[in-house]
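# Structural features, examined
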Amino acid sequence: AQGSAEAIRDSMNRSDYEAAVNAIVDSEEEGKVLLTLPDGMRSWADGGYGNQSLYTFEIGESDSMKYVPGTAEYTVTDEKRFKEDILRGYRNAVAFCAAKCRENGWDPLSKLGSGLYTISSHDEGRRAGLSTAHVDPTHIWNRLGLTMDQFRKDVKTAMENASAPGGQGEEAPSGSGKSWYKV
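Predicted, not measured: the structure shown is a model, and the values here were computed from it.

## Notes on unusual backbone geometry
Residue Asp136 is joined to Pro137 through a cis peptide bond whose omega torsion reads -5°. Inspection of the secondary structure puts Pro137 in the loop between helix H4 (122-127) and helix H5 (138-141).

Below is the structure:
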């Protein structure tokens, strides 16, 4: 488990690593997102439908998580830090998705022809039989009462608030005054 977008990027940036995502959302720093592939470039992130059809990104987790090797089970060594990191990553992902949806004219509450939502999780793709057997972010978000349905609603709200007079536009979340960090 890593919260740092750079750490996730560095773990993927190897010639023997067979995956790539369009972006990585940080969970350690408010408003931080690394763009790792150009928007129009095909990612290799879910072993199925998403590789051909979706914009893919990872959300950082928390350094206070320790996974049981080969499983999605984990323990938490610092509950307070875990909650702070996961909620920060969630907020960053909401703001990032709102910006991407505005930029591309996407409705986060609409469904695609595949049956998945415009914004879908790896776990939703797995349950639909369209992705590999990953359960993210459900296995983490459930612990804090977060759901993909609420996430999509939060993205929609963020889109509406940003387009209102005085909205955040392309700024990072929480009025930090920072711009998106792009690589």
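## As for the packing of aromatic side chains
On inspection of all chains with the given rule, the structure shows seven aromatic pairs. The interplanar angle of 75° and the centroid separation of 5.8 Å between the aromatic rings of Phe57 and Phe96 together place this pair among those described as edge-to-face. On the criterion of sequence distance, the pair formed by Phe57 in strand S3 (residues 57-59) and Phe96 in helix H3 (residues 79-104) is long-range, its members being 39 residues apart. A relative accessible area of 24% places Phe57 in the partly exposed class. Between Trp141 and Phe151, the ring centres sit 5.3 Å apart and the planes meet at 40°, which makes this aromatic pair tilted. Within this pair, whereas Trp141 is found in helix H5, its partner Phe151 is found in helix H6 (residues 148-163), the two being separated by ten residues in sequence. Taken together, the ring pairs connect Tyr55, Phe57 and Phe96 into an aromatic cluster. The ring centre of Phe82 lies 5.3 Å from the NZ or CZ of Arg143, which sits over that ring. The aromatic ring of Tyr117 is capped on one face by Arg152, whose charged end is 3.8 Å from the ring centroid.

## A word on the sheet that holds S3
Judged by pairing direction, the sheet is mixed, and its three strands sit side by side in the order S2-S1-S3 without closing on themselves. Each end of this open sheet is capped by a strand with a single partner; those strands are strand S2 (33-35) and S3. With strand direction ignored, the average angle separating the axes of adjacent strands in the sheet is 10°. Across three bridges, strand S1 (residues 23-25) lies against S2 in antiparallel orientation. Bridged to Ala23 within S2 is Leu35.

## Brief notes about the confidence of the model for the protein chain
Summarising the model, the protein chain shows a mean pLDDT of 85, and 87% of its residues fall at 70 or more. Scored below 50 in pLDDT, residues 168-183 makes 39 contacts in the model with residues more than four places away or belonging to other chains.

## What about the nonpolar core?
One finds Trp141, Phe151 and Val155 to be the most contacted residues of the largest nonpolar core, which totals 26 residues. Listing elements by their share of this core, those giving two or more residues are S1, S2, strand S5 (74-76), H3, H5 and H6. When sequence neighbours within four positions are dropped, the list of residues in contact with Val155 reads Val94, Cys97, Ala98, Cys101, Pro108 and Ile119. In terms of nonpolar packing, the next biggest core, distinct from the first, is built from six residues, Ala5, Met12, Val21 and Ile24 among them.

Scoring rules and cut-offs
Residues numbered from 1 in each chain as written. Predicted model: local features only at pLDDT ≥ 70, side-chain atom pairs only at ≥ 80, totals over all residues. Heavy atoms only, no water. Helix = DSSP H or I, 4+ residues; strand = E, 2+ residues; numbered from the N terminus. Phe/Tyr/Trp six-rings, centres within 6.5 Å; stacked < 30°, edge-to-face > 60°. Buried < 20%, exposed > 50% of the residue type's maximum accessible area, 1.4 Å probe, protein only. Lys NZ or Arg CZ within 6 Å of the ring centre and 35° of its normal. Pairing = 2+ DSSP bridges. Axes fitted to C-alpha atoms, helices over the stretch in contact; angles between N-to-C directions. pLDDT = per-residue confidence, 0-100. Contact = heavy atoms within 4.5 Å. Core = buried A, V, L, I, M, F, W, Y, C linked by side-chain atoms within 4.5 Å.

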